[in-house]
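# Coordinate inspection notes
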Amino acid sequence: MSFLVAASLHLDGTLIATADSRLPDATGAGFADKLYRLDCGHSLANDESVWTPGENVGRSIEFSSTCWLIQRGSEWLLWDTGVPDSALNDPKGWSTLPELIVYHLDKTLTDQLAAIALKTSDITYVALSHTHGDHIGNVRLFPNATVLMQRAEYAWISSPDGPNDNVNQLKALARKLLDTPRHLKLLEGDTDVFGDGSVTLVSTPGHTPGSQSLLIHLKISGFIILSGDVVHLEESFEKNTVPSLNTDKAASIASMDKIRQMIATYKAKLFINHDKAQSETLKLLPAFYD
Ligand SMILES: [Zn+2]
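Since this is a predicted model, take the numbers as computed values, not measurements.

Quick notes on the rules
- Residues numbered from 1 in each chain as written.
- Predicted model: local features only at pLDDT ≥ 70, side-chain atom pairs only at ≥ 80, totals over all residues.
- Heavy atoms only, no water.
- Helix = DSSP H or I, 4+ residues; strand = E, 2+ residues; numbered from the N terminus.
- Rg over C-alpha atoms; globule rule 2.2 N^0.38 Å.
- Buried < 20%, exposed > 50% of the residue type's maximum accessible area, 1.4 Å probe, protein only.
- Contact = heavy atoms within 4.5 Å.
- Disulfide = S-S within 2.5 Å.
- UniProt positions renumbered as here; feature names shortened; annotations may be inferred.
- Donors = N, O, S within 2.8 Å, 3.2 Å for Na, K, Ca; no water.
- Tetrahedral: all angles 85-135°; square planar, octahedral: opposite > 155°, others 65-115°.

### Comments concerning the overall build of the protein chain
A tally of helices and strands in the protein chain yields 8 helices and 13 strands. Expected size for 290 residues packed as a compact globule is a radius of gyration near 19 Å; at 18 Å, the protein chain falls within 12% of this value. Taken along the three principal axes of its C-alpha coordinates, the protein chain extends 45 × 45 × 40 Å. For the protein chain, with 290 residues in total, the buried portion stands at 56%. Across the protein chain, every contact between residues at least 6 apart in sequence was considered, and the portion connecting residues at least 24 apart equals 69%.

And the structure:
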């Protein structure tokens, strides 16, 4: 129980959501101004079947790592922070699970923000899809930002080790990279960040216990869903495939169903963080969606 006490001590300010669903009204939602894609690394894994159990055994696969930056008025929200900037051009690469996957970084997050005249201190919110290292590698570059994550995720990385060594390793790395954010808001399910339906954090557990996705509403592009790791590949989404590393298979399937319903309700596009083929077709900063 001690980790729960720690979590509440780290809370800064009030919760911005309750357990009630806060998904926006498809016709009445407000608008964010711009959505930028940042290149937050790429990786090579030696066994695709970890993500597609029963298929592609021993086949290598390349993934993209994507961060997204949202402007709404004078405020900026960064969605995930990618592979640590310290991994830049490291020929050995960087890893979360060295026997499975190695990440490489060609440009830093800091330099990409600078390309549109932003400093790390300009970022208001850092929202985390989940606590795997390739999503939280640079959280500590943003000490002024309010970190938004699900309470269930924070409780999970703070919980005692279980029987799966890979999961224990990922949790230990998460604690190290996350450290104790100065401004941390722990969320209880779906959360309307700005109170107008323009940006909603959507609870999609299963990959990890407190995984979330993001729904954004833009004037020209309409609704877009940023996957987090609710799904890794377009094909897995079509086939309802659940990676073997996910902490809860049934929850993973329910979360994919939730995303499918949202795609129908909002006529939304789904941008999949790690799908390299899809990512390469999307606009990259300084270009943006509006
Ligand atoms: Zn992940």
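Having seen the structure, we can now continue with the description.
### Some remarks on the state of the cysteines
The bond known as a disulfide is covalent and runs between the sulfur atoms of two cysteines. One pass over the structure, following the stated rule, counts 1 disulfide. Here cysteine 40 engages in a disulfide with cysteine 67; their sulfurs sit 2.0 Å apart. What sets the handedness of the cysteine 40 and cysteine 67 disulfide is the S-S torsion sign, and at about -120° it is left-handed. Taken together, the positions of cysteine 40 in strand β1 (residues 34-45) and cysteine 67 in strand β2 (residues 61-72) put the pair 27 residues apart, joining distant regions of the chain. Of the two residues, cysteine 40 and cysteine 67, both sit in the buried class.

### Observations concerning the UniProt feature "domain: Metallo-beta-lactamase" (unreviewed entry) in the protein chain
In the numbering adopted here, UniProt assigns the feature "domain: Metallo-beta-lactamase" (unreviewed entry) to residues 64-274. Segment residues 64-274 splits into 26% helix and 27% strand. End C-alpha atoms: 5 Å apart.

### Some details on the coordination of the zinc ion
The protein atoms that coordinate the zinc ion are His130 (NE2), His132 (ND1), His207 (NE2) and Asp229 (OD), at distances of 2.1 to 2.3 Å. If you look at the zinc ion, its 4 donor atoms make angles of 87 to 177° with each other, and the shape they trace is irregular. Written as a sequence motif, the donor arrangement for the zinc ion is H-x1-H-x74-H-x21-D. In this pair, histidine 130 is assigned in the loop between β6 (125-127) and α3 (133-136) and histidine 207 in the loop between β10 (199-203) and β11 (212-218), connecting sequence segments 77 residues apart.

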